[in-house]
Amino acid sequence: MDSMLIQGVELILSQATTMDLTWVGNKEVKRQLEAAWLILSNKDLPMSPRIVGKPGIGKTTLAYCVAEEMSQAVYLFQCTVDTRPEDLLVTPVIGANQNIRYHASPLVTAMLKGGICILDEGNRMGEKSWASLAPLLDMRRYVESLVAGIKIPAHPEFRLAVTMNEDASTFDVPDYIQSRLQPQIEVGFPSQEEELAILEAHLPEAPADILGIISDFLSRSHEENRAYTTRDGVNLARYAVKLLHLGQISQEEAIQQALLQTMDSHALDFYLENCVGQKEEAISRLHELLLLGAPSALGLNEVLNLGVNDESTDDWSDSELSDVSDLADFADDDLDED
Ligand SMILES: Nc1ncnc2c1ncn2[C@@H]1O[C@H](COP(=O)(O)OP(=O)(O)OP(=O)(O)O)[C@@H](O)[C@H]1O
Ligand SMILES: [Mg+2]
C-alpha cells in the first residue's frame with residue numbers, strides 16, 4: 001500500500017481510478033474545462049469548475065476524459081448524502097494490532113500526488129462536508145484534517161472539478177462554495193450527429209440501422225425536452241442489440257421491447273407517436289388503397305403525399321423505403337394484371 005508521511009502522520013493513499021472512456025463530440029465544453037485547469041504563470045492558480053447538466057448527459061465522462069488527457073492520475077470521489085468531512089479528507093481506521101491508521105481519501109491523495117480529483121455528484125453532499133473544502137477551493141489550497149490533526153497542502157499540479165446534477169434529490173450547494181467552484185460548465189444535449197457518434201463509439205458492432213433509429217428517437221425527445229438522455233440511449237441500444245442477437249425478434253420489435261424495459265411505456269409511446277407514426281401511417285394508407293384496388297396512378301409518391309409530406313421520408317431507412325416501394329410495385333403489378 002502506498003503511503004506518505006505528512007507532519008509526522010503516515011497517510012495511506014487511495015488508488016487512482018482508471019476507466020476506458022472516450023469523449024465524443026462537443027469540443028466546446030472540453031475546451032472550457034481545459035481552460036479552467038490551465039496555469040499561465042507561477043502566480044496563476046488553476047480553477048475548480050462545476051460541471052452541470054441533466055443526469056446521464058456525460059458530465060463525469062467529460063471530466064474524466066479531459067483529466068486523463070492531461071496525463072495525471074485521476075481520482076474519482078462519489079459524493080453522497082452520507083459523505084462526512086472525514087470521508088472527504090482523512091478517515092481513521094483501527095489496524096490489526098489496535099493501532100490507528102489514517103486513510104487519505106481520493107481527494108487528499110490527488111492533492112498529495114499532484115493528481116486530478118473529480119468530486120462526482122457534488123450536490124448530493126451536505127453543507128458540513130463542503131465547509132471542510134472552503135480553504136482548498138480558494139488561494140489557500142489546503143485542507144485541515146481534524147481527525148489526523150494535520151494541515152495538508154495541495155501539490156501545484158493538483159486539479160479539481162465537481163459534477164452536479166439538476167435532479168430533485170440534491171442539496172443546494174452553499175453560496176460561499178458555489179462562488180469558489182468556478183467557472184460553471186454546462187453540458188447540454190448533443191446534436192443528433194454527435195449522439196449517433198457516441199452510440200457508435202459505445203457499440204461499434206451494432207447494426208447501423210438500430211443506432212440511426214435510436215439517435216433519431218433521442219434527438220426528437222431532446223427537442224420536446226423529455227428526460228431521456230445519452231445514457232438512456234446507450235442502454236437502449238445495448239439491450240436492443242442483445243435481444244436482436246438472440247433472434248426470433250425483428251429489429252423493430254427489439255427496439256420497442258428495449259424501450260419498454262430500459263425506459264418506460266411513455267418512452268415507447270413517444271417513439272411510436274414521433275418516430276414510427278408517420279411511416280406506419282403511410283404504409284397502412286397504402287395497404288388500404290391496395291385493398292380498395294388502387295388505380296395504377298396511385299403509386300408511392302401519391303400515397304406519400306396523401307399520408308405524409310415528402311420531407312418526412314428524408315430520414316427513412318433504405319429498408320423502410322423499399323418496403324413501401326415494394327407495396328407500391330405490388331399495387332402496380334396487380335393493376336397491370338387486371
Ligand atoms: N460526449 C460523450 N462522449 C462519449 N460518451 C458519452 C458522451 N456523453 C455521454 N456519454 C455516455 O453516456 C453515459 C452517461 O454519461 P455520464 O455517466 O458521464 O453522465 P453524467 O452526466 O455524469 O450522469 P449522472 O448525472 O447520472 O452522473 C456514459 O455511458 C457515457 O460514456
Ligand atoms: Mg456522473
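Residues numbered from 1 in each chain as written. Chains lettered and ligands numbered in written order. Predicted model: local features only at pLDDT ≥ 70, side-chain atom pairs only at ≥ 80, totals over all residues. Heavy atoms only, no water.

Let's shift gears to the sheet that holds strand 5 (residues 90-94). What links the strands of a sheet is backbone hydrogen bonding, and the strands pair in either a parallel or an antiparallel sense. Read across the open sheet, the four strands follow the order 1-2-6-5; overall the sheet is mixed. Since the sheet does not close on itself, it has two edges, and those belong to strand 1 (3-6) and strand 5, each with one partner. The sheet shows a mean angle of 40 degrees between the axes of neighbouring strands, direction not considered. Inspection of the sheet shows strand 1 paired to strand 2 (residues 9-12) by four bridges, in the antiparallel sense. Looking at strand 2, one finds that Ile 6 is bridged to Val 9. (Pairing = 2+ DSSP bridges. Helix = DSSP H or I, 4+ residues; strand = E, 2+ residues; numbered from the N terminus. Axes fitted to C-alpha atoms, helices over the stretch in contact; angles between N-to-C directions.)

A few words on the site of ligand 1. Near ligand 1 there are 17 residues, and of these Val 24, Gly 56, Lys 59, Thr 61 and Asn 165 occur at the shortest range. Contact between ligand 1 and Asn 165: an oxygen atom at 2.7 Å from a side-chain N or O atom of the residue. Between His 202 and ligand 1, the recorded distance is 3.0 Å, taken from a side-chain N or O atom to an oxygen atom. Contact with the protein chains removes 89% of the 630 Å² of surface that ligand 1 exposes when unbound. Taken together, the elements giving at least two residues each to the shell around ligand 1 come down to helix 2 (59-69), helix 7 (192-202) and helix 9 (230-246). (Near = heavy atom within 4 Å. Polar contact = N/O pair within 3.5 Å; in protein donor to acceptor, adjacent residues only side chain to side chain. Areas by Shrake-Rupley, 256 points an atom, 1.4 Å probe, with all protein chains shown as cover.)

This paragraph deals with the sheet that holds strand 7 (residues 116-120). Across the sheet, five strands lie side by side as 4-7-10-3-11; this open sheet has parallel pairing. On the outer flanks of this sheet lie strand 4 (74-78) and strand 11 (184-186), each paired with one strand and no other. On average, adjacent strands in this sheet sit at an angle of 20 degrees to one another, irrespective of strand direction. As judged from the four bridges shared by strand 3 (residues 50-53) and strand 10 (residues 159-165), these two strands associate in the parallel manner. Within strand 10, the residue paired with Arg 50 across the bridge is Val 162.

Geometry of an aromatic ring pair is reported as the spacing of the ring centres plus the angle between the planes. Under the definition given, this model contains three aromatic pairs. For the pair Phe 217 and Phe 270, a centre-to-centre distance of 6.0 Å together with 75 degrees between the ring planes defines the contact as edge-to-face. Remark: Phe 270 occurs in helix 11 (residues 265-291) and Phe 217 occurs in helix 8 (residues 208-223); sequence separation between them is 53 residues. The exposure classification of Phe 217 matches that of Phe 270, with both residues buried. With a relative accessible area of 1%, Phe 217 lands in the buried category. The rings of Phe 217, Tyr 228, Phe 270 and Tyr 271 are connected pair by pair, giving a single aromatic cluster. (Phe/Tyr/Trp six-rings, centres within 6.5 Å; stacked < 30°, edge-to-face > 60°. Buried < 20%, exposed > 50% of the residue type's maximum accessible area, 1.4 Å probe, protein only.)

Within the structure shown, the criterion is met by eleven salt bridges. For Glu 69, the salt bridge goes to Lys 30, with nearest N and O atoms at 3.2 Å. Taken together, the residues span a long stretch of sequence, with Glu 69 in helix 2 and Lys 30 in helix 1 (residues 27-37) at a distance of 39 residues. For Lys 30, a relative accessible area of 19% translates into the label buried. Among the ionic pairs, Arg 84 bridges to Glu 86, the shortest N-O distance being 3.5 Å. Looking at Arg 84, the relative accessible area reads 41%, which means it is partly exposed. A relative accessible area of 25% means that Glu 86 is categorised as partly exposed. One network of salt bridges, with partners in common, ties together Lys 30, Glu 34 and Glu 69. (Salt bridge = Lys/Arg side-chain N within 4 Å of Asp/Glu carboxyl O.)

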